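# Architecture at a glance
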Amino acid sequence: MASLFRYFQPRHLLCATGLVVAAAGTAYLVRRLRKRAELQEVPREPEEPTNPCTSPSPAVRTVEPPSFPWFGIDIGGTLVKLVYFEPEEEQAEAENLKNIRSCLTSNVAYGSTGIRDVQLEVKDLELCGRMGNLHFIRFPTQDLTTFLQMTRDKQFSGLHTTLCATGGGAHKFEADFRTIAGLQLVQLDELDCVIRGVLFMSSSGPSECFYLENPNHPEQCFLKPFQLENPFPFLLVNIGSGVSILAVHGRDNFRRVTGTSLGGGTFHGLCCLLTGCSTFEEALEMASHGDSTRVDKLVQDIYGGDYDRFGLPGWTVASSFGNMISKEQRDLVSKEDLARAALVAVTNNIGSITRMCARNENIERVVFVGNFLRGNMLSMKLLAYSMEYWSAGQMKALFLQHEGYFGAVGSLLELLKSS
Amino acid sequence: MPRGGSLTKLAYYSTVQHKVAKVRSFDHTAKEVDGDPLYEISVQEEITARLHFIKFENAYIETCLDFIKDHLVNTETKVIKATGGGAYKFKELIEKKLRLKVDKEDEMSCLIKGCNFVLKNIPHEAFVYAKHADSEFRFQNTHPDIFPYLLINIGSGVSIVKVESEDKFERIGGSSIGGGTFWGLGALLTKTKRFDELLQLASRGQHTSVDMLVKDIYGGAYGSLGLTGDLIASSFGKSATTDKEFSKEDMAKSLLHMISNDIGQLACLYARLHSLTRVYFGGFFIRGHPVTMHTITYSINFFTKGEVQALFLRHEGYLGAIGAFLKGAEEDNPNQYSWGENYAGSSGLMSVSPDLNPMQRVRSGTFDMLEMDRLERQLVNLPLLQDPSSYIPDTVDLTEDALARQYWLYCFEEALDGVVNRAVASQPDLPQAVERAEKFRQKYLHKLQTLRHQPFAYGSLTVRSLLDTREHCLNEFNFPDPYSKIKQKENDLALRYFQKVVRSLEKLTWEQRQFALVKGLLAGNVFDWGAKAVSDVLESNPEFGFEEAKHQLQERPWLVDCYDQWIARLKGPPHKCALFFVDNSGIDIILGVFPFVRELLCRGTEVVLASNSGPALNDVTNSELQILTERIAAMDSVIQAAIKEDRLTLVQSGSSSPCLDLSRLDKALAVVVRERHTDLVVIEGMGRAIHTNYYAALSCESLKLAVIKNSWLAERLGGKIFSVVFKYEIPPQSPGLRR
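The following refers to the structure shown. (Residues numbered from 1 in each chain as written. Chains lettered and ligands numbered in written order. Predicted model: local features only at pLDDT ≥ 70, side-chain atom pairs only at ≥ 80, totals over all residues. Heavy atoms only, no water.)

### Regarding the overall build of chain B
A tally of helices and strands in chain B yields 27 helices and 24 strands. A buried classification covers 60% of the 739 residues belonging to chain B. Accessible surface for chain B amounts to roughly 29700 Å². Of this, 50% is attributable to carbon and sulfur atoms. (Helix = DSSP H or I, 4+ residues; strand = E, 2+ residues; numbered from the N terminus. Buried < 20%, exposed > 50% of the residue type's maximum accessible area, 1.4 Å probe, protein only. Areas by Shrake-Rupley, 256 points an atom, 1.4 Å probe, with all protein chains shown as cover.)

### Quick notes on the sheet that holds strand 7 (residues 149–154) of chain B
Residue and element names in this part refer to chain B. Here we have seven strands laid out as an open sheet, ordered 6-5-13-12-7-8-9, and mixed in their pairing. Pairing within the sheet leaves two strands with one partner each, and these edge strands are strand 6 (137–139) and strand 9 (169–175). Strand-to-strand, the axes of this sheet are offset by a mean angle of 35 degrees, without reference to chain direction. One ladder, built from four bridges, connects strand 7 with strand 12 (residues 278–282); its direction is parallel. Across the sheet, N153 pairs through a bridge with G282, a residue of strand 12. (Pairing = 2+ DSSP bridges. Axes fitted to C-alpha atoms, helices over the stretch in contact; angles between N-to-C directions.)

### Some points on the interface of chain A and chain B
The partner chain B presents 58 residues to the 66 residues of chain A that form the contact. In total, about 5100 Å² of surface goes out of reach between chain A and chain B, with carbon and sulfur atoms giving 64% of it. At the surface where chain A touches chain B, the tally comes to zero salt bridges. At the surface where chain A touches chain B, the tally comes to 18 residue pairs in polar contact (both at pLDDT 80 or more). Mapped onto the side of chain A that touches chain B, the elements with two or more residues apiece are helix 6 (169–172), helix 8 (190–204), strand 14 (253–260), helix 9 (264–275), strand 16 (317–319), helix 12 (327–332) and helix 13 (335–361) of chain A. (Contact = heavy atoms within 4.5 Å. Buried area = accessible area lost by both parts, 1.4 Å probe. Salt bridge = Lys/Arg side-chain N within 4 Å of Asp/Glu carboxyl O. Polar contact = N/O pair within 3.5 Å; in protein donor to acceptor, adjacent residues only side chain to side chain.)

### Quick notes on the pairing of strand 10 (residues 209–213) of chain A
Residue and element names in this part refer to chain A. In terms of burial, strand 10 is largely enclosed, as four of its five residues are buried. Where strand 10 and strand 18 (residues 396–400) come together, two bridges link them in antiparallel fashion. Each bridged residue has a counterpart across the sheet, and for C209 the counterpart in strand 18 is L400.

### Describing the nonpolar core
Ranked by internal contacts, the top residues of the largest apolar core, which has 100 residues, are B:W408, B:L466, B:W566, B:L609 and B:F726. Discounting residues that sit within four places of it in the chain, B:F726 has contacts with B:V518, B:W558, B:V560, B:D561, B:C562, B:Y563, B:W566, B:L703, B:K704 and B:L705. (Core = buried A, V, L, I, M, F, W, Y, C linked by side-chain atoms within 4.5 Å.)

### Topic: the pattern of salt bridges
Counted under the stated rule, the structure contains 49 salt bridges over all chains. The residue A:D192 makes a salt bridge to A:R196 at a minimum N-O spacing of 3.2 Å. Taken as a pair, A:D192 and A:R196 lie in helix 8 at a separation of four residues, close to a single helical turn. The pair formed by A:D192 and A:R196 is uniform in burial state, with each residue classed as buried. Where salt bridges share partners, they join B:K576, B:E606, B:D646 and B:R676 into one cluster.

### Side note on unusual backbone geometry
B:P148 follows B:F147 through a cis peptide bond whose omega is -10 degrees. For B:P148, the location among the structural elements is in the loop between strand 6 and strand 7. Here the bond from B:R556 into B:P557 is cis, since omega is -5 degrees, no more than 30 degrees from zero. Within the secondary structure, B:P557 is located in the loop between helix 20 (546–552) and strand 17 (560–561). The residue A:D124 is not glycine, and still its phi comes out positive at about 50 degrees. Looking at the secondary structure, you find A:D124 in strand 6 (residues 122–127). Positive phi values are uncommon outside glycine, yet A:N362 reaches one of about 60 degrees. Tracing the sequence through the fold places A:N362 in the loop between helix 13 and strand 17 (365–369).

Next up, the structure:
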């Protein structure tokens, strides 16, 4: 499998994921899984436990776990997310299964664009009665064809002919999977997968969910673990290339409230255009060194201080990029400042829309996920602070360690359940 | 004076000296001599108050200040009110130049004050924008209650304000992604400096090359969520995943969509949270730009599925200035007056898209103007309107009816020579009448040209607005009453026949008399100098008389014929009080209306005669009618007794138009109507009963009658010229039904 990635073109590594599409939308009750016919024959219990193979329900317990390897894939607009369950070694393991195991687990980077997020690996996890480690791998969606060619060349399909997949790419590239790699995709609804993934991961480890204490304090900002035991109702804000906002009232009771096209792709895209950078990490790095207040027009720039009439503190951004209407000011700012301003604008906007949705839905708990937040403490702090400040302490921003991988985890869970 | 980023808007109050026609009764104690005119006409100077709003680019600030300095007549003025970002920036310059203290007013309060003012005082202020519809602008009727509403002000940032009453408003939210973001980010991305150039770029661009769409991720639609493939999943998403150059146009377009959609979404979230359906958009991002009005409208429709309409304001750019002015004038209590837009002095709404408006380039750099005349009296709804909020005065909206628009614009242009000649002839002794009349011609012609290109320039284009614009232009060049002499002559002539007409009516049986009275009303109404066909006949044949007019009338059954129902009604109990909106001078009022009114009075019905406050065409004005009534009373005991006993009352309508807007009537009229328990409304003439109010629903019985003196209109209604409309209506559950 390592060789799978060796042939990737040396394109820049793309990051902000397009797990879930945003763009638009209003209340729409999400239809249940778009399952294939054979999947629909499997009865589903309304309240399933998080681990599908340890269910107390006798109907499920009798289900044999599927044959290895166990993968879940989520093909977003920007990134492909892959989770791989590495079972404890067995003597009888087939040769090509061993190959996959060693390839994936002995490397942290594949080719020039594939990455295994080692720090996210979950060790000693029990899934369907098997102990093992869960690995998290990502690569850019534009390298998918290369991935498929590799899969074909390595005869991966000799092991499995179906693959549980979610994300837009599960639809867009369905034919490519079939014709290039000989793989039949089981297309899964991505919102369903994300929620399943979130619920599974947050119950599988104590440190999955956290919040920020003192988010606005440079030294005294701490990550505090949060027990997401009885999570409903909560707002799930999935920030990939775009943003989707879901109101989750129960495991099978959720709907997409709205979304926005101003997401990770917007931050990344604007930074590419404004600074000439190419990767998401580069853009983030630049942003961390910049000062957005030189780019943005603040309330104090207009009113000389707070706008008391409306209770607006002077530090509030009145106009994102508002100072850039003047040539003199444009000449004064650095690329880092621009990157920071783009980050602040996108993040704060997501915060505002989320807050309004939370109020309209009457929900106080908000969970932010998605690859936009990967390594992005700046945005997490901004979201944490703005949620708390503008709701006068009523709303809390929660985050999850496995940011962008929940769709892929959800599709892996489907595989185990449907076998 | 609000001072925005690049435009200065100035509001000032002036007193305008202009000529008005006055009529004065002679002393009639002396025995009347044949040939003496009935009353005296004089043209006097009158001073009225006018509000002026002008806007110009900040580059002209010094010129502007010089202008203010020259026009500061009131030496009492010590303070000038200013609002907006520039109020701070230009404070010193203003104080030095004008020797006035600059008083900074809160921007948002000014904005809201101005917004309330225009919503209340300017009909057709608000409109819906529909880019691909036949008429781009669809104007909203003035709603009697303007509150509550949401105002989304898109300046450099976005402010979302909930307005609950005149004094109560709250900024419920906002966003930093606004006009400044479009401009600033746009300048960085495209190296284009000017805001309108950026909009131009955007209007030519394709956002799909820059944005990541749903179909770019899914290969098609995301059906289960109802997301179509063309929806934007991630703004600028493609610029993150593609190594290529993007065109300036495409980036500007993507930016425009991103910002408009974002604002639209926030607006909807706030509207939903506060259960508000009226959402007005303003600020420099919107200001008359079809591109942004379109994207915002699209976004609002998308996010609310059509439940909320995005509304825009014709005078949005002036709101701050109006508000600042009103704050300064608070001691004058401007809200106690009614105001009317002066079509002659206002430059009107312009489309800034060069494709749409070829005149735009010529106009840039010129001053935009709005003038509002202060009406000395308050205007209110007719209390008898069935539903004031759905009342629309005008029968045909010419902005939506292209055929009718072409016809009427042509018709008014055709009639212009006659109006000019009439204006000149009306002032044989006054200086420069010919020159002034020529200037009037040019101005009105220019307005007609503008309206041909921009039918929506002054709100919905209607026959009424065309007529009113003509009156305003005539006044502008000091032709306050071109028909004064003709009216005088006709009144004089008609008065001589009054008694003869009454005597001959008295000889008839009751049934015969009722028919003769209605025919007289209709025949009298043929004498209307507003209609070209009639003025042709009258100018060529002055002997065209009352009797001849009766012959010209269509035989029954009329085009609209409710005569039998009317007669049946007359056989029942008399009406308590009739309100009669009268039309023309001369034969119409004296030989048509008065005998009819006399009959009503004899039945025991009180009568309120409502006539125009100011002159319009040959319509009888309130002051003329007072003299005429006196004269008639002197020769008719029925009329005399009715006046003495207060059973016949004259009121002014508050209007100076040949048409009638029942939602803007003199407050005193409304009081009389209510006090007398008016149960019958009679509306007479093409202007008041056909061009306007044909479909007006009243809560009491009504009679709308007119002779169609325009063959095009007659054909449209399915008749011929001189067809008769006699429309008698009884509202559901009217006391009239319970006989």
